[in-house]
Amino acid sequence: MKGRDHSEMTHSLEVMISARRIRDRVKVLTQELNRDFQGRDVVVVALLKGTVVFLADLIRGIEFPMRLDFMGVSSYGSKTQSGKLIVTQDLRMDVRDRHVLLVDDILDTGRTLHAVQRRLRRLQPASLRTCVLLDKPERREKQVPVEYVGFRIPNRFVVGYGLDWDEHYRNLPHIGVVKTAA
Ligand code: XMP
């Protein structure tokens, strides 16, 4: 697939993880969640916006009682040296004494999830577990506990299945790698 971004840089996309592989893996993840959260009342907290496609597939297989809430965190936070999290949308639900399942699209340096987990722990949930679709371990700076991982991938910039490049390509049914030509 060929395309041009806003800066007219020519680029192509290669499939890294097919839609079929994603579907199969998400099904297994949902089965693990059903086993581990059986009988619990859970608040699923998803980070906007990259999780939306993954989240929609994941929660449709969930069989335990759950409610859904969102947090918006700015990616600028993870790019600054301070690593400070910029919260653009806070939780609406009270998660105190609730079992929380945090869902994110991709774990990279770990700064985002480290800060979000710290923030959630301060709200005193009964338990906190984290599920990510993708894990890029090569660039990790902060060690964060993550109980459920869809795929471990190499250090490449990926798009699709909710992930974007300058807000494009979230709609792709697969995970693709952007290749730019100077
Ligand atoms: P950190 O470094 O805090 O980053 O673990 C997590 C956030 O960075 C974004 N991110 C990506 N977004 N393709 C994307 O579309 C990528 O390859 C990628 N790597 C990191 C993403 O917002 C994630 O939540």
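Below: a short report on this structure. (Residues numbered from 1 in each chain as written. Predicted model: local features only at pLDDT ≥ 70, side-chain atom pairs only at ≥ 80, totals over all residues. Heavy atoms only, no water.)

### Comments concerning the sheet that holds strand β5 (residues 86-89)
Right, on to step 1. Across the sheet, which stays open at both edges, the six strands sit in the order β5-β4-β3-β6-β7-β8 with mixed pairing between neighbours. The outermost strands of the open sheet, each flanked by one partner alone, are β5 and β8 (148-152). Taking the axes of each pair of neighbouring strands and ignoring which way they run, one obtains an average angle of 25° across the sheet.
Right, on to step 2. Here strand β3 (residues 42-48) pairs with strand β4 (residues 66-74) via seven bridges, running parallel. Looking at β4, one finds that Val42 is bridged to Met66.
Right, on to step 3. Sitting on the sheet, helix α4 (residues 111-122) is in contact with β3, β4, β5, β6 (99-107) and β7 (127-135), with an inclination near 165° to β6. (Pairing = 2+ DSSP bridges. Helix = DSSP H or I, 4+ residues; strand = E, 2+ residues; numbered from the N terminus. Axes fitted to C-alpha atoms, helices over the stretch in contact; angles between N-to-C directions. Contact = heavy atoms within 4.5 Å.)

### Description of the pairing of β7
Right, on to step 1. Across the nine residues that make up β7, a large majority, eight, are buried.
Right, on to step 2. Viewed along the sheet, the connection from β6 through α4 into β7 turns out right-handed.
Right, on to step 3. As judged from the four bridges shared by β7 and β8, these two strands associate in the parallel manner. Its bridge partner lying in β8, Cys131 is registered against Tyr148. (Buried < 20%, exposed > 50% of the residue type's maximum accessible area, 1.4 Å probe, protein only. Right-handed = clockwise from strand over helix to strand, strands pointing away.)

### With respect to the packing of aromatic side chains
Right, on to step 1. Across all of its chains, the model carries two aromatic pairs by this definition.
Right, on to step 2. On the basis of an interplanar angle of 35° and a centroid distance of 5.3 Å, the ring pair of Phe37 and Phe64 is categorised as tilted. Of this pair, Phe37 sits in the loop between α1 (19-36) and β3 while Phe64 sits in the loop between α2 (52-59) and β4, placing them 27 residues apart in sequence.
Right, on to step 3. What makes Phe37 buried here is its relative accessible area of 0%.
Right, on to step 4. Since its relative accessible area comes to 6%, Phe64 is described here as buried.
Right, on to step 5. Relative to Tyr148, the ring of Phe37 lies with its centre 6.5 Å away and its plane at 40°, an arrangement referred to as tilted. (Phe/Tyr/Trp six-rings, centres within 6.5 Å; stacked < 30°, edge-to-face > 60°.)

### Some words on the pattern of salt bridges
Right, on to step 1. Applying the stated criterion across every chain, the model contains twelve salt bridges.
Right, on to step 2. In this structure, the salt-bridge partner of Asp36 is Arg129, at a minimum N-O distance of 3.5 Å. In this pair, Asp36 is assigned in helix α1 and Arg129 in strand β7, connecting sequence segments 93 residues apart.
Right, on to step 3. Taking relative accessible area as the criterion, Asp36 reaches 23% and is therefore assigned partly exposed.
Right, on to step 4. Between Arg170 and Glu167 there is a salt bridge, with its nearest N and O atoms 2.8 Å apart.
Right, on to step 5. Residue classification places Arg170 among the buried positions, given a relative accessible area of 16%.
Right, on to step 6. Relative accessible area serves as the criterion here: at 45%, Glu167 is assigned to the partly exposed category.
Right, on to step 7. The network of salt bridges with shared partners includes Lys49, Asp164, Glu167 and Arg170. (Salt bridge = Lys/Arg side-chain N within 4 Å of Asp/Glu carboxyl O.)

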